[in-house]
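Secondary and tertiary structure notes
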Amino acid sequence: MQPDRPVILAYADRDSVKPGETIGFAVSCVKLDSFECDFVRLLGCDAGPEMPPFEPTVLMEGKRYPGREQPIRAGSYIEVGGSQRLADLGPITLCANIFPTFVNGQPRCLVSTLTADGRSGVALRIDAEGCLTAIFADADGARVYRLDQPLSLRRWSFVALSYDAERGHLLIAVHRLASGTHDHAGASWLAVQDVKPPASGDGHLLVAAERGGDGFPCHHFNGKMERPRILAAALSLGQITELAARKPNEPVNWSCLADWELVNEPASDVVRDLSGLGHDGLCVNQPARAVQGSNWDSSTLDWRQAPEQYGAIYFHHDDIESPGWQEDLRLTVPVDWPSGCYAARLRGESAEFYVPFYIRQPANASSDVAFLAPTATYAAYVNMLSQHQRIEYGLGCLGVTFTPLDLLAVGLPGPGRSLYDPHDDGSGRWIGSLRRPVLNRQPGGWLWNFQIDLCLLGWLGRAVPGHNVLTDEELDREGVAALEGCHVLVTGSHPEYWSQPMLQALDRFLAKGGRLMYLGGNGFYHTIDFHPQRRGLVELRRRNSKMGRVDAGDAYSSFTGRLCGAWRDLGRPEQSLVGVGYRTEAFDRSSYYRRLPAGDDPRARFIFEGITESIIGDFGILGGAAGLELDVVDQGLGTPRHALVVAASEGHSSAYMRGMSGSEFFTALWNDAPREPIRADITFFETPAGGAVFSVGSIAWGSCLPYADYANNVARISDNVLRRFRDPSPFQTPG
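A few words now on the overall build of the protein chain. For the protein chain, the count of helices and strands is 13 helices and 42 strands. A compact globule built from 735 residues should have a C-alpha radius of gyration of about 27 Å, and the protein chain, at 28 Å, falls within 12% of that. Structurally, the protein chain occupies a C-alpha span of about 95 × 60 × 50 Å along its principal axes. In the protein chain, buried positions account for 61% of the 735 residues. For the protein chain, restricting intrachain contacts to residue pairs at least 6 apart in sequence, the fraction spanning at least 24 positions comes to 73%. As displayed, the protein chain has an accessible area near 27100 Å², and 50% of this comes from carbon and sulfur atoms.

Structure follows, in structure tokens:
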């Protein structure tokens, strides 16, 4: 979709910098000849008239830059550099096992040496009707040879193109592979005589795509592919049948020009060519690796134990890591800019776009208070279509103010969707990237994740002006050393996704007496893995999901080999860490908390210092401080027995009941009586090393902090807890 008005999109090459370091920005302008960029600090969001005015602090005045449109090129594929051996094709056979999943009236290329001008090279393609097709190109154009029977979707097939240039003989064949106890194999083929050879190409080869007229990949394949090969022989039908019957990891009897083994190498983009001719390939736009192949027999769910059964790669036309745009400007961060959340603010005519980034304190200036920016969660929710479906279907949500970028996102799939939005073939998305334009990480719009976190940072900027900010990825890479000098760690509103190194770092922080303020909901819930080398790239594999099809063999991360899933299913329920864990969710009006008798316990009296009212957080743009997603205590899942529940929410709508299954609701109704099963619990407990944990159990908490210019009981409670947590006096765990 081409926008009908000026639009600016951009992204940065990293998420966090220290003073003196540099950060680059790539920008694309539609219907604009130039744009202006200034740099601002974000200490709040554009959240409506009840909140403080949104006035980002300008730290560097704007400069004007020439504007240009840079295309977004989505779609994953394998690229093989130019080789004369691949250009001068003699007798050859192109073959592979494929598992097509989505055609949708578009050609889908399997292997191609076609040049951009379409006047040389050969391709093996699935056409718009789903039929296997061979393309031979020369100066007269492209010649098409086609099987009439469409390929079966979601079934493994062996496909081959065999060509003998001397005899002018072409053979294309499909052998459907048996894929179950009651399935049966089948075959179809087409033999053509007197076929003129294609013109020699430049040896540039693509797997799962082909070059378009502009020289960039197009016609991306959707589905799995396994062991693509180019044999230096024109196989007969009998030989093709024999080859189709072999397992993909078995050697062949013919010499190969290329023999690509697609077995996963953790966090690697390289595809090895086993022919010995050096035709290694490079994966582009992060196709999914470590997926079930045609010979998967369910004997193991761990690809590391039987890599030969996971020798496929799953390609999609809408995969994207980064558009690969050229950089337009670069900032060297001044040494006097304090730690916090900043943005490159790009403007031109009616268009505006923010590219957020964080400045982290240098090691010699660490604060005793740090905010952990939940960048893993941001990467999971990038450009979430589910959010924008509310626009399409007219579904309202309290706290939603649709911006022009929200409206644009509905019809602009190019920047890629979130890990909550299935691919067009129904499969789940696994790889989330922040190295692309992020339309829902702006200081305006729906109050969710980033926008509520800006409210938290606005409060923290007042309470502790010299606080530090670091990101999930920095905690993952550096471990507990990233928290050196920190006594109080403050979370974002929705720190849902945690890697194993992150949790281990947090464990060590608390074991040393650190204090944790968990000011959100549905946190510490699910595993993710950061890419070991690339910034802003996470892998999220759900073993049970409503967010797209998941196969049994998709259980282990391709980045690290770790088992994926909800942390409570892996023996680390969030209740054992922060006292509360996810219960339910809804996106209508939020509610309030009521103080409980435990709030008067001498251990917790500091929490409500200066507060006389019993109702907490019955205000704000969302309607209250308890909402969106709610957490509750559960001793069966590890809530410490000495934890105090000092307040609990009430009065939630029936929409929250729909967030639970019937059995979950009635189990909670029985077990939690007389407490309401639909609630958020505010908890406090001490840790053995003299530290403590405070949890609010609600994503909406932070949205109430700026209300009445931060003069409210939600902000007062947060201030009280922060003040006591900064006090080095150790907490005493009750005997």
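Here we take up the pattern of salt bridges. Close approach of charged atoms allows side chains of opposite charge to pair. Summed over all chains, the structure comprises 43 salt bridges. The shortest N-O distance in the salt bridge between aspartate 15 and arginine 441 comes to 3.9 Å. Here arginine 441 lies in the loop between strand 28 (431-433) and helix 6 (450-463) and aspartate 15 lies in the loop between strand 1 (7-12) and strand 2 (16-17), a separation of 426 residues in the sequence. No difference in accessibility class separates aspartate 15 from arginine 441, as the two residues are buried.

Turning our eyes to something else, we now look at the sheet that holds strand 5 (residues 57-66). Spatially, five strands are ordered 2-26-25-4-5 in an open sheet, and the strand pairing comes out mixed. In the strand order of this sheet, the two ends are held by strand 2 and strand 5, each with one partner. Alignment of strand 25 (residues 340-348) against strand 26 (residues 351-359), held across nine bridges, turns out to be antiparallel. What sits directly across from alanine 344, in strand 26, is valine 355.

In total, this model carries 24 aromatic pairs according to the counting rule given. Each ring, one from phenylalanine 35 and one from tyrosine 65, has its centre 5.5 Å from the other, and the planes form 20 degrees; the classification is stacked. Of this pair, phenylalanine 35 sits in strand 4 (residues 34-41) while tyrosine 65 sits in strand 5, placing them 30 residues apart in sequence. On the basis of relative accessible area, phenylalanine 35 is assigned to the buried category, the value being 0%. Where phenylalanine 136 meets tyrosine 163, the ring centres are 4.9 Å apart and the plane angle is 85 degrees; that geometry is what we call edge-to-face. Here phenylalanine 136 is found in strand 10 (residues 131-138), whereas its partner tyrosine 163 is found in strand 12 (residues 157-164), with 27 residues between them in sequence.

The next thing to look at is the nonpolar core. Taken as a class, soluble globular proteins show a tendency for nonpolar side chains to be buried jointly. Among the nonpolar cores identified, the biggest contains 112 residues, and Tyr593, Ile607, Trp701 and Phe725 are the most heavily contacted of them. For this core, the element with the most residues is helix 6, which contributes eight residues. With residues up to four places along the chain from it excluded, the contact list for phenylalanine 725 reads Val488, Arg515, Leu516, Met517, Phe606, Phe684, Ala692, Val693, Phe694 and Phe731. Grouped together as the second largest cluster of nonpolar side chains are 44 residues, Ala96, Val111, Val195 and Leu262 included.

This paragraph deals with the pairing of strand 42 (residues 692-695). Going residue by residue along strand 42, you find Ala692 and Phe694 tucked away on one face and Val693 and Ser695 tucked away on the opposite face as well. As judged from the four bridges shared by strand 32 (residues 515-518) and strand 42, these two strands associate in the parallel manner. Residue pairing for strand 42: tyrosine 518 is matched across the bridge by serine 695. The sheet contact formed by strand 41 (residues 681-686) and strand 42 spans four bridges and is antiparallel. Pairing of threonine 683 across the sheet is with serine 695, part of strand 42.

Attention now moves to the sheet that holds strand 35 (residues 537-539). Spatially, three strands are ordered 28-35-34 in an open sheet, and the strand pairing comes out antiparallel. Looking at the sheet topology across the chains shown, the edges are occupied by strand 28 and strand 34 (529-530). Direction of pairing for strand 28 relative to strand 35: antiparallel, over a ladder of three bridges. Looking across to strand 35, one finds that isoleucine 431 is bridged to glutamate 539.

This brings us to helix 6. Over its 14 residues, helix 6 runs 20 Å from end to end, which matches the ideal 20 Å to within 8%, given 1.5 Å per residue. With respect to burial, helix 6 is a largely interior element, 11 of its 14 residues being buried. When helix 6 is considered as a whole, its buried residues turn out to be Phe450, Gln451, Ile452, Asp453, Leu454, Cys455, Leu456, Leu457, Gly458, Trp459 and Leu460.

The element strand 8 (residues 108-112) is largely enclosed, with a buried count of five among its five residues. Pairing of strand 8 with strand 9 (residues 121-126) involves four bridges; the strand directions are antiparallel. For valine 111, the partnering residue across the bridge sits in strand 9 and is leucine 124. In the sheet, strand 8 pairs with strand 15 (residues 205-207) via two bridges, with the strands oriented antiparallel. Each residue of the ladder has a partner; that of valine 111, found in strand 15, is valine 207.

Bringing the environment of proline 266 into the picture now. Positionally, proline 266 belongs in the loop between strand 19 (256-261) and strand 20 (270-273). A relative accessible area of 48% means that proline 266 is categorised as partly exposed. C-alpha of proline 266 to C-alpha of aspartate 164: the two residues are 102 residues apart in sequence and 39 Å apart in space. Among all residues touching proline 266, those that are not within four sequence positions of it are Trp303, Ser558 and Phe559.

This brings us to the confidence of the model for the protein chain. For the protein chain, mean pLDDT is 92; residues scoring 70 or higher make up 93% of the total. Segment residues 387-396 is flagged for pLDDT under 50; beyond a separation of four residues in sequence, or across chains, it makes 19 contacts in the model.

Contact geometry of helix 6 with helix 13 (residues 713-726) gives a least axis separation of 11 Å together with a crossing angle of 55 degrees. One way to sum up the angle between helix 6 and helix 13 is to call them oblique. Note on packing geometry: the crossing formed by helix 6 with helix 13 is right-handed. On helix 13, the residues touching Trp459, Leu460 and Ala463 of helix 6 are Ala715, Ser718, Asp719, Leu722 and Arg726. Counted by class, the contact of helix 6 with helix 13 contains five nonpolar, one polar and two charged residues.

Parameters and conventions
Residues numbered from 1 in each chain as written. Predicted model: local features only at pLDDT ≥ 70, side-chain atom pairs only at ≥ 80, totals over all residues. Heavy atoms only, no water. Helix = DSSP H or I, 4+ residues; strand = E, 2+ residues; numbered from the N terminus. Rg over C-alpha atoms; globule rule 2.2 N^0.38 Å. Buried < 20%, exposed > 50% of the residue type's maximum accessible area, 1.4 Å probe, protein only. Contact = heavy atoms within 4.5 Å. Areas by Shrake-Rupley, 256 points an atom, 1.4 Å probe, with all protein chains shown as cover. Salt bridge = Lys/Arg side-chain N within 4 Å of Asp/Glu carboxyl O. Pairing = 2+ DSSP bridges. Phe/Tyr/Trp six-rings, centres within 6.5 Å; stacked < 30°, edge-to-face > 60°. Core = buried A, V, L, I, M, F, W, Y, C linked by side-chain atoms within 4.5 Å. Expected span 1.5 Å × (residues − 1). pLDDT = per-residue confidence, 0-100. Axes fitted to C-alpha atoms, helices over the stretch in contact; angles between N-to-C directions. Parallel < 35°, antiparallel > 145°, perpendicular 65-115°, else oblique. Left-handed = near helix turned anticlockwise from the far one by under 90°. Nonpolar A, V, L, I, M, F, W, Y, C, P; charged D, E, K, R; others polar.

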